[in-house]
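# Remarks on the overall topology
Take a look at the letters that make up each chain.
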Amino acid sequence: MSRSKKLQPINERIAQDKGLSTLLKRANQLADLNKRLQPALPAPVKGLCQLANIRGETAVFACENQAAASKVRMFSRDILQIMQREYKISVKKLRVVIQQTD
């Protein structure tokens, strides 16, 4: 990097990059929805999963391990009903993924 170029503050860079700005906005919306959804989840799965994405009619939840994923799958109908009824999100399928940890 040459000395003539100055480092740009991250918030300015995000504001200039439309794609990055849109991505960050989407991530913040999902994080907010996940935060509001967690207390409404059935007791056996609270804290075992995080809302990772909503793609069309599919809600994607991430779990740390296979045991948690299995439990979330068992309650998938309840979770979908909560999302539809309480949050007016028209999802019909629930997909569970295992987070990769290093």
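The preceding data block contains the structure.
Everything numeric here is computed off the predicted structure, so don't read it as measured data.

So, how was this worked out
Residues numbered from 1 in each chain as written. Predicted model: local features only at pLDDT ≥ 70, side-chain atom pairs only at ≥ 80, totals over all residues. Heavy atoms only, no water. Helix = DSSP H or I, 4+ residues; strand = E, 2+ residues; numbered from the N terminus. Rg over C-alpha atoms; globule rule 2.2 N^0.38 Å. Buried < 20%, exposed > 50% of the residue type's maximum accessible area, 1.4 Å probe, protein only. Contact = heavy atoms within 4.5 Å. Areas by Shrake-Rupley, 256 points an atom, 1.4 Å probe, with all protein chains shown as cover. Lys, Arg positive; Asp, Glu negative; His and termini not counted. Charge placed at Lys NZ, Arg CZ, Asp CG, Glu CD. Expected span 1.5 Å × (residues − 1). Arc of directions from axis to C-beta. Core = buried A, V, L, I, M, F, W, Y, C linked by side-chain atoms within 4.5 Å.

## Digging into the overall build of the chain
- A tally of regular secondary structure across the chain gives 4 helices and 3 strands.
- Reading the chain from its N terminus to its C terminus gives the helix and strand order α-α-β-β-α-α-β.
- For a compact globule of 102 residues, the expected C-alpha radius of gyration is about 13 Å, and the chain comes in at 18 Å, more than 25% above that figure.
- Seen along its three principal axes, the alpha-carbon backbone of the chain occupies a region of about 60 × 35 × 20 Å.
- Of all 102 residues assigned to the chain, the portion counted as buried reaches 30%.
- Taking the contacts inside the chain whose residues are at least 6 apart along the sequence as the reference set, 52% of them involve residues at least 24 apart.
- Carbon together with sulfur atoms contributes 51% to the accessible area of the chain, which is approximately 7500 Å² in total.
- With 19 positive and 8 negative side-chain charges, the chain shows a spacing of 3 Å between the two charge centroids.

## Considerations on helix α2 (residues 18-37)
- Over its 20 residues, α2 extends 28 Å from the first C-alpha to the last, a length consistent with the 28 Å expected when each residue adds 1.5 Å.
- All buried positions along α2 are accounted for by Leu 30, Leu 33, Asn 34 and Leu 37. Viewed end-on, α2 has its buried residues packed into an arc of 100 degrees, placing them on one side of the element. α2 presents Lys 18, Lys 25 and Lys 35 as exposed residues on the side facing more than 90 degrees away from its buried surface.
- In this structure, the buried side of α2 is in contact with β1 (49-55), β2 (58-63) and α4 (76-87).

## A look at the nonpolar core
- Ranked by internal contacts, the top residues of the largest apolar core, which has 23 residues, are Leu 51, Ile 54, Phe 61, Val 72, Ile 79 and Met 83.
- Elements supplying a minimum of two residues to this core: α2, β1, β2, α3 (66-74), α4 and β3 (93-98).
- Among all residues touching Leu 51, those that are not within four sequence positions of it are Leu 30, Leu 33, Asn 34, Ala 59, Val 60, Phe 61 and Met 83.

## A closer look at the environment of Met 74
- On the secondary structure map, Met 74 appears in helix α3.
- Counting along the chain gives 29 residues from Met 74 to Val 45, while the straight-line C-alpha distance between them is 9.5 Å.

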